[in-house]
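# Geometric and topological summary
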Amino acid sequence: MRCLLLSLLREAGMLLRRRSRSGPLLLLGVAVCLFYQTLMVARNRLRSGPQHPAADVRSRRPTEEVLMEETRSFISTLEALQREAQVQVQSQSPSRRRRAIVLTGQHPESDTEVQLYQRVLKQLHYQVQMSRYAETSIYLRQHHGVGGWSLCLCLSSAERSCLRKISFSHLQPQQTVNLLPELMEAFSDAGEGLCQFLTHSHLTESELPMTPHSCGSTNQKLPLPQEVYGGDSNSPVGAPPPAVVAMVNVYVLVTSVNPLISFMHDISVVRTNQKPKGRAIKLKEFLLQQLGRNISHDALVQVKRVTGEVLQAALSTNQKKENPNRCVLCYQLMTFTLQYSGSITPVVVQIDVDLQFFALSDDTFEGQITKDLILEDTLHFLLSPHTHLYSETPRQYGGCRGTHGSCLSEEDFALLLQFQQQIKTPSPFHLVSPKISSSWPSSSSSSLLNVSDLLIGISRFYKNRSEVDETQGLTNQESALSSSEDEDACVDPHLRQIYTDPPLTLTPPFSPHVKEYRAEVTFDTVTIRIRPEPVSPACQVHLDEHRGPRMANYPVGLGDSRISILVTDDAELEPTVMTIYTVHVFRESRPSLPMFGDHVMCSFLQDCGLVVQPEHSCGLQPIIQTQSSLHTCSSGHQPGRWVVPCLSCSDNRTCDWREVAWQPDGCYHPLVERPLLQDCMRDRKVLFIGDSTNRGMMYFLLEQVNSTLEDWGKAHDLLVYRNLNSGRTQVSYSYYPQFWLEKQLRPTFRQALLQLIHRSQPLVNSNKTVLVVGGVQWLNTDHLRTVREVLDRESLSEVLVVVKSLGMGFHLPVDGIRSLTLREVQQLYRENSEIISTAKHHGYEVIDTFSITMGRYKEFLQGRCACHFHEVEKIESSSLSENTTTPTNRTKSTNTAPRLSSQSAVQDTDQQVFPKALSYHVRGPVNQVYSEILLSRLCPRTRD
């Protein structure tokens, strides 16, 4: 028989080289037939006993030994022919690539699961076609769901569509679908969580390691079992370890129903009484931690036994049905929830016919990350090119019937070929069914080995080889050390995916080798939570800087924001940056509807998304028009509200937000044009002390007074600008508080103010000297008393003091900084009122920036505090006018009085003849409003 096999193999090799398409599969079919005949000869010899003294000595060996030897010969033949076929497949033109259809259902394109399928399938050389449902897919409609494609992936919300439109019993043998209808039916809910297969199962409930009502809804977490102890702290050495009390989700991949073939992924999700929040961990590692090396091995065997028995029982009824046109390459991912209550043998308490991660639902990303990892492993496990040689060659058989029986069917051959490739390839999946320990052959009365026998033989062969390799590896200490070093080194410094909440649509679509992306978000998206995931666990990820967090909540200001992702090797004391990814996020402005016809004027004090004053209304309200003329405001803190033209005050989407303006109650703030402002500011010194929000007002003043802003920086120290307004105006600035210093090293407010005054000398004790003090939230009434004391001491009691009150900010849950609750924001409003009262008591001017920013808290610009309503941008001065920042749309013509526009300044039309140096422009509509109120208070008489 061996001579005949070798002879035919030689002829097969010659035939394979002559035939470009049908050769490999034909020869594999011949090999299977020869294998069958060889096995039958050996088996018959064993049954009939010795024929004569010269009989082959192999007939006297145990049956299993003979069968394993023949299995080894068969696998060797398969691998040789597969290598030949693989070379032939690789030489085919790209136009013959397999086609994959991905039905996304309700999943958006930005979903990482959808992106994963697109990326991995393209890597596996599939042509990918996306569609929402089977009914809307062109390829499924044209071929009635059974032709023109190799792979159909139905995401969770498209499963029903697939089951309706795809005829599974008529699929071609090389077609793959990620659904097994038999499993879907067996584990469906027959009512109150009773599994469907138990309603007609011949098994009693007590015979299965499961609760009968395991197929119900999984919307709520299953309760943890009560604590059980197998010992105490005084247990003697060698006593059994404490019992396992846990809920464990294991993820099972079923690749065949009849015969049953299933694998278990090594990742599980575990909840214990000590750690009730689920965590993803390798099941083998968890059991090792709980039970120790010896017992954990037995516990892992029990997990496989329990899941295998439940699957076999569920499909036992279906296996009795004759279904020759079954879907051979279809598969299904399932979730088994196991309960441990003090024993190493678990009980199945929940079964889902998809992947479920409810135990991880408290975390934003853990569930999706774990799911994507399992899905990607599944695609590589099932769809790698070498596992689909069968689908790349025509299905031709011939001359394959002998006296000992017929060859394998076309479907069985495909199943064996795929199984052999999967079982020999290292992967995170471990075989559950068929059990290697099953009796072999399975039926002593059968005249032929069945497919199950062949599956067990193949799995035993590779298990034995794996054990030999493992033993050799343990003796080679050098190799083991090298492997360990590779695992600890960041050898592949790339990202596997960038996870965001809400999901961002990245441009270009994410790829590990693309380092820069852009994304756009709507106006209402004010925060983004981001967690990049590296390809290699040995690599670390940090956001913004080399010691930054792995995951963070970012505020997204209007316009452009930038997020830097650093992939680092943290093996050394100082992390080494290996790769940098950048995500540019653009947040849209508030949606605006231009006014072309009739409209109404609406006003608002506060946004309904953050009600700071519960006693007042929120959102848009109609304006009650009055005929009385308005007068100029006598203070900078006059109460007011925002006004905007709309088609309807009941819908803010009908408003022209380009025309929104601040309207004080009963008065208006006069605008100060540049010539009058320059004259007003002549021979004056303005001192600013405060944080970055105060600095924004200063830069606006500099730009207006000096016609351009030629110097800018995010200063956190003391600055003095002497050459302003043709040398006739001086502005100085001191940053306070210096929060980055240790508390004992920070200058006090008194020290910072005195330093600013001394650096700005000489100063005159009149309104020619102006002190502007304030910030976003640090200012309180004690600071105002300190101002009075310092000015009196320095003989500057007559200078003009302007208090910039508090403002909106720190209202978003941003990692790394203090964030305020709604109650704390409301308390801040009350503190702001106290600051205004105290400032008025001292005779100070006040700009109430809290009331102005309160209604537009979503319109912040860059900055983690979400408190910046200004931004300085670089401009090319050569293309702008000398008066680069003179606003031309600040004054709104109405039948009452002008209002302060909140729009950025429009440039004058007069062009500069000669180019100038690089300059800057302060933009920000909200900052512009309260900065112009400051100018009107500095120059109150310039309008007349």
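Residues numbered from 1 in each chain as written. Predicted model: local features only at pLDDT ≥ 70, side-chain atom pairs only at ≥ 80, totals over all residues. Heavy atoms only, no water.

### Here's the deal with the overall build of the protein
Short version of the rule: Runs of E in the DSSP output that reach at least two residues are strands. Runs of H or I that reach at least four are helices, and both are numbered from the N terminus. Note on exposure labels: buried denotes an accessible area under 20% of the residue type's maximum, exposed denotes more than 50%, and partly exposed covers the range between, all computed with a 1.4 Å probe on protein chains only. Here, two residues are considered to be in contact whenever any of their heavy atoms come within 4.5 Å of each other.
Within the protein, the regular secondary structure consists of 19 helices and 34 strands. A buried classification covers 54% of the 944 residues belonging to the protein. Of all intrachain contacts in the protein linking residues separated by at least 6 positions in sequence, the fraction that spans at least 24 positions is 72%.

### Quick look at the sheet that holds strand S14 (residues 516-521)
The line we're drawing: When DSSP finds two or more bridges between two strands, those strands count as paired. Here the axes come from fitting lines to C-alpha atoms, over the contacting stretch only for helices, and the angles between their N-to-C directions go from 0 to 180 degrees.
Pairing is mixed across the open sheet formed by 4 strands, whose spatial order is S14-S19-S18-S16. On the outer flanks of this sheet lie S14 and strand S16 (540-543), each paired with one strand and no other. With strand direction ignored, the average angle separating the axes of adjacent strands in the sheet is 25°. Relative to strand S19 (residues 576-587), strand S18 (residues 559-569) runs antiparallel, the two sharing 11 bridges.

### Details of the side chain of Ser161
Note that Ser161 resides in helix H6 (residues 159-165). Setting aside residues no more than four positions away along its own chain, Ser161 makes contact with Tyr133, Ala134 and Glu135.

### A few points about the pairing of strand S30 (residues 800-804)
The side chains of a regular strand alternate, residue by residue, between the two faces of the sheet. Stated formally: A crossover counts as right-handed when, viewed with the strands pointing away from the observer, the path leading from the first strand over the helix to the second turns clockwise.
For S30, the tally of buried residues reaches 5 of 5 residues, placing the bulk of the element in the interior. Burial of S30 is two-sided: the residues Leu800, Val802 and Lys804 facing one way and the residues Val801 and Val803 facing the other way are all buried. Across 5 bridges, strand S29 (residues 769-774) lies against S30 in parallel orientation. Within the sheet, the bridge partner assigned to Val773 lies in S30 and is Val803. Taken together, the 3 bridges between S30 and strand S31 (residues 845-847) define a ladder with parallel strand orientation. Bridging across to S31, Val802 finds its partner in Glu845. Crossover handedness for the path S30 to helix H17 (residues 822-841) to S31: right-handed.

### Structural notes on H17
We apply this condition: For a helix, the expected span equals 1.5 Å multiplied by the number of residues minus one.
Given a rise of 1.5 Å per residue, 20 residues ought to cover 28 Å, and the 29 Å separating the end C-alpha atoms of H17 matches this to within 8%. Those residues of H17 that fall on the buried side of the exposure criterion are Val825, Gln826, Leu828, Tyr829, Asn832, Ile835, Ile836, Thr838 and Ala839. Following H17 by one or two positions, Gly843 adopts a phi angle in the positive range, close to 80°.

### Some points on the environment of His868
Tracing the chain through its elements places His868 in the loop between helix H18 (849-854) and strand S32 (871-875). Accessibility expressed as a relative area gives 17% for His868, which makes it buried. Sequence-wise, His868 and Val926 are 58 residues apart; in three dimensions their C-alpha atoms are separated by 9.5 Å. Excluding its chain neighbours within four sequence positions, the residues that come into contact with His868 are Ser692, Thr693, Phe860, Leu861, Gln862 and Gly863.

### Focus: the layout of surface pockets
Test applied: Computed over the protein atoms alone on a 1 Å grid, cavities are sets of points where a 1.4 Å probe fits but cannot get out and pockets are open sets with protein on both sides within 12 Å along at least five of seven lines; a residue lines them when it has an atom within 4 Å of a point. Grid points are joined across faces, edges and corners, and a volume is the space filled by probe spheres set on the points. Three residue categories are used. Nonpolar comprises Ala, Val, Leu, Ile, Met, Phe, Trp, Tyr, Cys and Pro, charged comprises Asp, Glu, Lys and Arg, and polar comprises the others, including Gly.
Considering only enclosed or pocket space, the second largest pocket measures out at about 1,200 Å³ in volume. Looking at the second largest pocket, it is lined by 42 residues, and the ones nearest its centre are Ser692, Phe739, Arg864, Cys865 and His868. Where the lining of the second largest pocket is concerned, the elements lending two or more residues are strand S17 (552-555), S18, helix H14 (692-706) and S32. In terms of residue count, the dominant contributor to the lining of the second largest pocket is H14 (4 residues). Across the lining of the second largest pocket, the residue classes tally to 20 nonpolar, 12 polar and 10 charged.

### Considerations on the sheet that holds strand S15 (residues 527-534)
Through backbone hydrogen bonds, the strands of a sheet pair up, either in parallel or in antiparallel fashion. The sheet built from 3 strands is open, its strands ordered S13-S15-S17 with antiparallel pairing. Each edge of the sheet is formed by a strand with only one pairing partner; in this case those strands are strand S13 (495-501) and S17. The mean inter-strand angle of the sheet, taken between neighbouring strand axes irrespective of direction, is 30°. Where S15 lies against S17, 4 bridges are found, and the strand directions are antiparallel. Along S17, the bridge assignment pairs Ile530 with Ala552. Across the sheet, helix H9 (residues 366-383) touches S13 and S15, and the angle it forms with S13 is around 145°.

The quantities given are spatial measurements derived from coordinates; they are silent on function.
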